[in-house]
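Chain residues, written in single-letter form:
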Amino acid sequence: MPEDEFVVTPWRTEGQIDYDRLIERFGTERITDELKSRLFRLAGEDHYMVRRSIFFSHRDLGSILDRYESGQKFFLYTGRGPSGHTHIGHLLPWVFAKWLQDKFDVKMYFQLTDDEKFFSKGALEMGDATQYALENALDFVALGFKPRNTRIIIDTRNIRTLYPIAAQVAKRLNFSNTKAVFGFTNETNLGMIFYTSLQSAPCFLEDDPVLIPLGVDQDPHFRLTRDVAPKIGRHKPALMHNVMMPALEGPGGKMSASSETGTIYTIDTPAQVRKKIGNAFSGGQPDKEQHRRLGGDPDVDVSYQYLRMFFEPDDAKLRKIHDDYRSGKMLTGELKSILIEKINAFLEVHQARREEARDALGEFLLEDDGNDRLGNGGTDSSSDGNR
Ligand code: TRP
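Residues numbered from 1 in each chain as written. Predicted model: local features only at pLDDT ≥ 70, side-chain atom pairs only at ≥ 80, totals over all residues. Heavy atoms only, no water.

Participant: For this particular structure, what's the right way to read the domain arrangement of the protein chain?
Facilitator: Interfaces are often described in size by the accessible area the parts lose on coming together. Partitioning the protein chain into domains gives domain 1 (7-248) and domain 2 (260-359). Placing a centre on the C-alpha atoms of domain 1 and another on those of domain 2 gives a separation of 27 Å. Counting residues at the interface gives 24 residues for domain 1 and 30 residues for domain 2. Carbon and sulfur atoms supply 65% of the area buried between domain 1 and domain 2, which totals about 2,500 Å² over both sides. If you sort the residues of domain 1 by the area they bury against domain 2, Arg52, Ile88 and Leu248 come out on top, with a joint share of 33%. Put simply, Arg354 and Asp139 hold a salt bridge, and the shortest N to O gap is 2.9 Å. Here domain 1 and domain 2 share 17 residue pairs in polar contact (both at pLDDT 80 or more) between them. Secondary-structure elements contributing two or more residues to the side of domain 1 that touches domain 2 are α3 (48-51), α5 (88-104), α7 (126-142) and β10 (246-247). Looking at the side of domain 1 that touches domain 2 element by element, the count peaks at five residues for α7. Across the side of domain 1 that touches domain 2, the residue classes break down as 17 nonpolar, three polar and four charged. (Domains from an automatic or database assignment. Contact = heavy atoms within 4.5 Å. Buried area = accessible area lost by both parts, 1.4 Å probe. Salt bridge = Lys/Arg side-chain N within 4 Å of Asp/Glu carboxyl O. Polar contact = N/O pair within 3.5 Å; in protein donor to acceptor, adjacent residues only side chain to side chain. Helix = DSSP H or I, 4+ residues; strand = E, 2+ residues; numbered from the N terminus. Nonpolar A, V, L, I, M, F, W, Y, C, P; charged D, E, K, R; others polar.)

Right under this line is the structure:
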C-alpha cells in the first residue's frame, strides 16, 4: 500500500496511521488544550495519556463535562474482543478508565465479546473465545477496579441482559448502513452483521449518558450507535479515542493479539520481554559510530513510543530520554534496557494481582437475572451496593 495510505477498521488496521487525517475521515473532534485543562480541573489531577495526546480525539466529551459540572452523572464503558491473551496495548484504555472512575466516582461496565471473536476469527472456537474472555477479565480486575461500582459482561453469558437492548438497536440499523461502515459483503456472516447491536447495548444499561474510552479503531461501531440513540430516546454515547500502540516490528499497524512476536503479553516472562524488546524496531542508526554522530529517531522508535504511551508517566524523565536519544548520547541498547526494566517491573506486580483476581472475579461478573445493573435505570435501581 502507498506510504500515505492507511486503513483503520475494528477488524483491521494497516499502514502508517495519520491521526489528523483519521479525525477528518471519521468526523471526530480533536481533544484541544482547552478541553484537556477542563478535564484536568474537574478531575483535580492531570493524566499523562491526555497531556501527551495518547487520547487525541473525542465525541461529545464536552457535554459529559457540562453535565458533570451541573451535578449530573455519567457512567463508563469499554470492552475487549477476547481473541487471545491480553497484550499491553489493550491496557491503555482500561488504565485510563480506572483513572476516570477514581476521579469522577462513576460506574463502569466492561464487555468481553467472545461471540464477536468467534464470528470474526475463522479458526477460533466459541469455547476458546469464552476461555480467553475469562483470562482477559483477570487483567482488567488486576488494574484495581472494585466490584462495588464495576461489572464485567461476557456476551455469551449475559445475553439475557443484552438482547432486549440489542434488539432495539438492531431494528434501527439496516444492512446498507453497516455494509458501508464496515465494508461487509454478501459473504459476511450474519453474526458479524448483527454484532454492532451487541456492542451498542452496554451504552444503554443506565439512564445516564455513557463515556467510552477506546482504541480509535472501534469508533465505527459507536458512530452507528450514536445515530440510533435519539431514535430510541436515549443519550448518544460520548467517546475518547486513544491512538493504537505500534507493533514491535515497527510503524504501521497496531499490536495484534494474533501475531505472537509482535506483541508483549501481560503473561510474558522477564526473559520473553527482554527478547522481544531486544528485537523491536528501533529508530537508531546501523552502528554505534553513526548513532553517536547522527542520533536516533524517537518518533519511529517502538521502545521510545512504549515509554511515551504507557511506561514512563514522568514528563521530565521522558523528555531527557527523548533528547539524549535524539542527540546520539543514548544508544538504542540503553533505551531498550530502560524499557525492559519498566515493563518487567510493571508485569511483576500485574501478574501477582492477576492471580489474586481469580478469587475476586465472581464478584465482578454481571448476574444475568435482570437485577444486577449498577443502579440508576435498568429494571431495578435498588440492587446497588450488595457486593
Ligand atoms: N470490539 C472490541 C474489540 O474487538 C471489543 C469491545 C466491545 C469494545 N465493547 C467495546 C471496545 C467498547 C471498546 C469499547 O476489541
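Let's pick the thread back up.
Participant: Looking at this model, I keep getting lost on the environment of Pro313. Mind explaining?
Facilitator: In this fold, Pro313 is placed in the loop between α14 (302-311) and α15 (315-327). Note: C-alpha distance between Pro313 and Tyr48 (265 residues apart in sequence) is 5.9 Å. Excluding its chain neighbours within four sequence positions, the residues that come into contact with Pro313 are Tyr48, Arg51 and Arg52.

Participant: What's the story with the site of the ligand in this structure? I'm lost.
Facilitator: Taken together, 15 residues are adjacent to the ligand, and Tyr77, Gln111, Glu116, Gln199 and Gln218 come closest. One of the side-chain nitrogen or oxygen atoms of Gln111 is found 2.9 Å away from a nitrogen atom of the ligand. Measuring from an oxygen atom of the ligand, one finds a side-chain N or O atom of Lys117 at 3.1 Å. Computed on the free molecule, the ligand has an accessible area of 360 Å², of which 93% lies beneath the protein chains in the complex. Contributions of two or more residues to the shell around the ligand are made by β5 (75-80), α6 (114-120), α10 (190-200) and β8 (210-215). Here the shell around the ligand gets four residues from one element, more than from any other, and that element is β5. (Near = heavy atom within 4 Å. Areas by Shrake-Rupley, 256 points an atom, 1.4 Å probe, with all protein chains shown as cover.)

Participant: Just to check I follow, could you spell out helix α8 (residues 159-171) for this structure?
Facilitator: Note that an α-helix has 3.6 residues per turn; residues three or four places apart therefore point the same way. A rise of 1.5 Å per residue sets the reference length of α8, with its 13 residues, at 18 Å; its end C-alpha atoms lie 17 Å apart and thus fit the reference within 8%. Here α8 has its buried residues at Thr161, Leu162, Ile165, Ala166 and Val169. (Expected span 1.5 Å × (residues − 1). Buried < 20%, exposed > 50% of the residue type's maximum accessible area, 1.4 Å probe, protein only.)

Participant: Got a minute to help me understand α10 in this structure?
Facilitator: Among the eleven residues of α10, eight are classified as buried, and the element is accordingly described as predominantly covered. Buried residues of α10: Gly191, Met192, Tyr195, Thr196, Ser197, Leu198, Gln199 and Ser200, and no others. Buried residues belonging to α10 abut β5, β6 (108-112), α6, α8, α9 (175-182) and α11 (219-228). The opening residue of α10 is Asn189, an N-cap whose side-chain oxygen sits 3.1 Å from the backbone nitrogen of Gly191.

Participant: Even after reading the chapter, I still don't get the nonpolar core, so can you show me in this structure?
Facilitator: What tends to happen in soluble globular proteins is that the nonpolar side chains get buried as a cluster. Leu39, Phe96, Ile152, Leu211, Met240, Ile264 and Tyr306 are the most contacted members of the largest nonpolar core, which totals 78 residues. With nine residues, α5 is the largest single contributor of residues to this core. Each of two domains, domain 1 (7-248) and domain 2 (260-359), supplies a minimum of three residues to this core. In terms of nonpolar packing, the next biggest core, distinct from the first, is built from 29 residues, Val169, Leu173, Phe184 and Leu214 among them. (Core = buried A, V, L, I, M, F, W, Y, C linked by side-chain atoms within 4.5 Å.)

Participant: Looking at this model, I keep getting lost on the pattern of salt bridges. Mind explaining?
Facilitator: Two side chains bearing opposite charge may form a pair once their charged atoms approach each other closely. Across all of its chains, the model carries 30 salt bridges by this definition. The shortest N-O distance in the salt bridge between Arg51 and Asp46 comes to 3.8 Å. By relative accessible area, which is 30% here, Arg51 ends up partly exposed. On the basis of relative accessibility, which here comes to 37%, the residue Asp46 falls in the partly exposed class. Connected through shared salt-bridge partners, Glu135, Asp139, Arg354, Glu355 and Arg358 make up one network.

Participant: Would you mind going over the sheet that holds strand β9 (residues 238-242) with me for this structure?
Facilitator: Within a sheet, adjacent strands bond to each other through the backbone by hydrogen bonds, running parallel or antiparallel. One open sheet holds the seven strands; their spatial order is β3-β4-β9-β8-β5-β6-β7, and the pairing between them is mixed. The strands lining the two open edges of the sheet, one partner per strand, are β3 (29-30) and β7 (150-154). The pairing of β5 with β6 spans five bridges and is classified as parallel. Its bridge partner being in β6, Gly79 is matched across the sheet by Gln111. (Pairing = 2+ DSSP bridges.)

Participant: Could you clarify how one ought to interpret unusual backbone geometry in this entry?
Facilitator: For residues that are not glycine, phi is negative in most cases, and the peptide bond is trans in most cases. Positive phi outside glycine occurs at Ser53, with the angle close to 60°. The residue Ser53 is located in the loop between α3 and β4 (55-59) in this model. Of note, Asp105 is a non-glycine position whose phi angle comes to about 50°, a positive value.

Participant: How do you make sense of the environment of Ile338 when you look at a structure like this?
Facilitator: Mapped onto the fold, Ile338 is located in helix α16 (residues 332-364). Counting along the chain gives 35 residues from Ile338 to Ser303, while the straight-line C-alpha distance between them is 8.9 Å. If near-sequence neighbours (up to four positions away) are discounted, Ile338 is found in contact with Leu307, Ile321 and Met330.

Participant: Where do I start with the packing of α5 against α14 in this structure?
Facilitator: Angle between the axes and distance between the axes: these two values describe a pair of packed helices. Orientation of α5 relative to α14, taken along the N-to-C sense of each, is 30°, at an axis distance of 10 Å. Here α14 runs roughly parallel to α5, going by the angle between their axes. Contacts from Ile88, Leu91, Leu92 and Val95 in α5 reach Tyr306, Met309, Phe310 and Phe311 in α14. For the contact of α5 with α14, the residue count by class is eight nonpolar, no polar and no charged. (Axes fitted to C-alpha atoms, helices over the stretch in contact; angles between N-to-C directions. Parallel < 35°, antiparallel > 145°, perpendicular 65-115°, else oblique.)

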